Amino acid sequence: MVKKTKWFVTAGTTLVVTATLAACGNNSSSTSSSKDINWALPTEILTLDNSKVTDHYSNMAIGNSGSNIYRTGKNGKLELDLAKKVDISDDGKTYTVTLRDNLKWSDGSKLTAKDFVYSWQRIVDPSTASEYAYLVSEAHVANAAEINSGQIADLSQLGVKAEGDNKLVFTLTSPAPQFKYFLSFTNFMPQKESVVKKYGKNYATASKYQVYSGPYTVTGWNGSNGTFKLKKNKYYWDAKHVKTDTVNVQTVKKPDTAVQMYKRGELDNANISNTSAIFNANKNNKDVVDVREATTCYMAYNMTGSVKGLDNKKIRQALNLATDRKAVVKAAIDTGSTAATALVPYKLETLSNGKDLTDVVAPGYKYDAKEAARLFKEGLAESGLTSLKLAITSDAETPTSKNLVDYIKSAWESALPGLTVEEKFVTFKQRLEDSKNQNFDVVVTLWGGDYPEGSTFYGLFQSTASYNNGKFNSSAYDAAYTKAITTDATNQEAGVQDYKEAEKILYEEAAYNPLYFRNTKALRNPKLTGLVENTTGLNTDFTHAYKK
């Protein structure tokens, strides 16, 4: 979500965890049946608008209540969902989609190809201000870039057309290796134009201001409460194979509370990787499972010039060299995660030769306190400074954040004489806003891949990308990235070398500081079966999940 997930995911994407049990009187276990699935999120969802969602948790709600042309099945395999056929031209530039007959929205109204066209047009419309609009341009959908930049005002010029109720045609100006994944992506699910216009500014701000195309509907979310239900959608085309009538979702911010609720039978899943204490106390429990994800935690530097010192490459290089990533993991998140070696995490993409993309592109990040001190001293002199004060922003809710920032503060101040580090903890929601508005010096970010291809990470640092929070600007980087998604789009081997060059530039310019690749374990009810989890996109899909 997010996208992020995204999504931290953003989306990403982007992520969190923590503080008190959600609203009194909203404990879903008190009213659930034994067949219901009871789930917890570590923070409240923010929206049900698939054009604007960027966070992992909202993405879960939208992804389970919406459908797309494809649905991602086990191990990332795309399976037809709202479509019965997808034809791709030999040159990879035309996708012709034939939808299933008699598709319906959750209000019983007809769902047609025009609903897809409207959704794609809405996301690129500048007035929507979608942070994911850039994906449409990077997928080379005809006229997407021109529409989003305002050069073309007529949305109907976008290369997404309806031919009758059941046929949809996508026209790309050049092939895009990631495009097929967008056809299962939450942000590109269909939207009903009349509903968007009916509710206006209220659209998707509460569950009653939305209609749904997927296996479930969302009920009981008022826009700020921490509890909602996923209720089986009787109008979903494959409703007969949706075995669970209700998924009860509540916000449980304290990880230890979630674990205790799991052990009392009030939850069917509880993350144990939020603190070392919880992890070590529960890692040998017979109910422990691995949670699939492709997530990198990194620090972004504010390179806009508003933070004197961070506009100096040697100072940023010094900060990177003063970061002992293995020690960071041990101090902050020794719960199965591993030291980051690149921007792209393990398990994002396995190449045709069997290698992991991460191993190929890794540029050689290392810890060298002596070299860090030398570069820092030179950087201060070049910047006309005798000392430097930096604030590190991180999520207040996340238990690991305090340990992580404490460790980095200590390590940096010890290795770099003249540096003072302040700790700034804000809510997950505020951190997203601060990142977007460059209201930070250094910010700790988690990004989960949106799809299993390198551009979902390397697109973050393109100079014009909305998620380029530090505003890194490099024509050489842009060229390497653009080559990967255009000239080399259909040549995986060549594209990987482009990503390797892009990673090398990020490394040499110290554009960011990779910390760890997150690996998560959870306690899971052994009676729960059919749950689909993937490293990218919709990480948790309840479509075919049920309790045995």
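Remember, it's a predicted structure, so these values are computed and weren't measured experimentally.

1. Let's talk about the packing of helix H16 (residues 475-485) against helix H17 (residues 492-509)
- At a minimum axis separation of 8 Å, H16 and H17 run at an interaxial angle of 160 degrees. Taken together, the axes of H16 and H17 are roughly antiparallel relative to one another. Classified by chirality, the crossing of H17 by H16 is left-handed. Residue-level inspection shows Ala-476, Tyr-477, Ala-480, Tyr-481, Lys-483, Ala-484 and Ile-485 of H16 in contact with H17, the latter providing Gly-495, Asp-498, Tyr-499, Glu-501, Ala-502, Ile-505 and Leu-506.
- Of the residues assigned to the contact of H16 with H17, the class counts are 10 nonpolar, one polar and three charged.

2. Overview of the environment of Glu-79
- Structurally, the position occupied by Glu-79 is in strand E4 (residues 78-80).
- With a relative accessible area of 39%, Glu-79 lands in the partly exposed category.
- Linking Glu-79 and Tyr-365, residues 286 residues apart in sequence, is a C-alpha distance of 38 Å.
- Contacts of Glu-79, omitting those with residues within four sequence positions, involve Ile-69, Tyr-70, Arg-71 and Gly-73.

3. Quick word on the pattern of salt bridges
- Under the defined criterion, the tally for this structure stands at 30 salt bridges.
- Between Glu-509 and Lys-313 there is a salt bridge, and its shortest N-O distance comes to 3.8 Å. Here the residue Glu-509 occupies a position in helix H17, and Lys-313 occupies one in helix H9 (residues 313-321), the gap between them amounting to 196 residues.
- We note a salt bridge from Lys-314 to Glu-382, for which the minimum N-O separation is 2.9 Å. Of this pair, Lys-314 sits in helix H9 while Glu-382 sits in helix H12 (residues 369-382), and the two are 68 residues apart along the sequence.
- On the basis of relative accessibility, which here comes to 24%, the residue Lys-314 falls in the partly exposed class.
- Residues joined in a network through salt bridges with shared partners are Lys-314, Glu-371, Arg-374, Glu-378 and Glu-382.

4. Let's talk about the environment of Ala-373
- Looking at the element boundaries, Ala-373 is found in helix H12.
- Its relative accessible area of 26% is what places Ala-373 among the partly exposed residues.
- Setting aside its immediate chain neighbours within four residues, Ala-373 contacts Ala-415 and Leu-416.

5. So, the packing of aromatic side chains
- In the structure shown here, the tally under the stated rule is 28 aromatic pairs.
- Between Arg-100 and the ring centre of Trp-237, over which it is positioned, the NZ or CZ distance is 3.7 Å.

6. Some words on the packing of helix H10 (residues 325-332) against helix H13 (residues 399-415)
- Running from amino to carboxyl end, H10 crosses H13 at an angle of 140 degrees, the nearest separation of the two axes being 8 Å. The angle between the axes of H10 and H13 places the two elements in the oblique class. As for the relative orientation of H10 and H13, their crossing is right-handed in sense. Seen from H10, the contacting residues are Ala-327, Val-328, Ala-331 and Ala-332; seen from H13, they are Thr-400, Asn-403, Leu-404, Tyr-407 and Ile-408.
- Split by residue class, the contact of H10 with H13 holds seven nonpolar, two polar and no charged.

7. Topic: the UniProt feature "domain: Solute-binding protein family" (unreviewed entry) in the protein
- Residues annotated by UniProt as "domain: Solute-binding protein family" (unreviewed entry) correspond here to residues 78-468.
- Within the segment residues 78-468, helix and strand shares are 30% and 21% respectively, and the terminal C-alpha atoms sit 29 Å apart.

8. Looking at the sheet that holds strand E6 (residues 94-99)
- Spatially, E5-E6-E8-E7 is the arrangement adopted by the four strands of the open sheet, whose pairing is antiparallel. Where the open sheet ends on each side, the last strands, each with one partner, are strand E5 (83-88) and strand E7 (160-163). Within the sheet, the average angular offset between the axes of one strand and its neighbour, ignoring direction, is 20 degrees.
- Bridge analysis of E5 against E6 gives five bridges, and the strand direction is antiparallel. Its bridge partner being in E6, Lys-85 is matched across the sheet by Thr-98.
- Along the sheet, helix H2 (residues 113-124) contacts E6, E7 and strand E8 (167-171); its crossing angle with E7, the most-contacted strand, is approximately 165 degrees.

9. A closer look at the side chain of Gln-210
- Mapping Gln-210 onto the fold places it in the loop between helix H6 (193-199) and strand E9 (216-219).
- For Gln-210, a relative accessible area of 11% puts it in the buried group.
- A polar atom in the side chain of Gln-210 sits 3.1 Å from the side chain of Tyr-203.

Calculation rules
Residues numbered from 1 in each chain as written. Predicted model: local features only at pLDDT ≥ 70, side-chain atom pairs only at ≥ 80, totals over all residues. Heavy atoms only, no water. Axes fitted to C-alpha atoms, helices over the stretch in contact; angles between N-to-C directions. Helix = DSSP H or I, 4+ residues; strand = E, 2+ residues; numbered from the N terminus. Parallel < 35°, antiparallel > 145°, perpendicular 65-115°, else oblique. Left-handed = near helix turned anticlockwise from the far one by under 90°. Contact = heavy atoms within 4.5 Å. Nonpolar A, V, L, I, M, F, W, Y, C, P; charged D, E, K, R; others polar. Buried < 20%, exposed > 50% of the residue type's maximum accessible area, 1.4 Å probe, protein only. Salt bridge = Lys/Arg side-chain N within 4 Å of Asp/Glu carboxyl O. Phe/Tyr/Trp six-rings, centres within 6.5 Å; stacked < 30°, edge-to-face > 60°. Lys NZ or Arg CZ within 6 Å of the ring centre and 35° of its normal. UniProt positions renumbered as here; feature names shortened; annotations may be inferred. Pairing = 2+ DSSP bridges. Polar contact = N/O pair within 3.5 Å; in protein donor to acceptor, adjacent residues only side chain to side chain.

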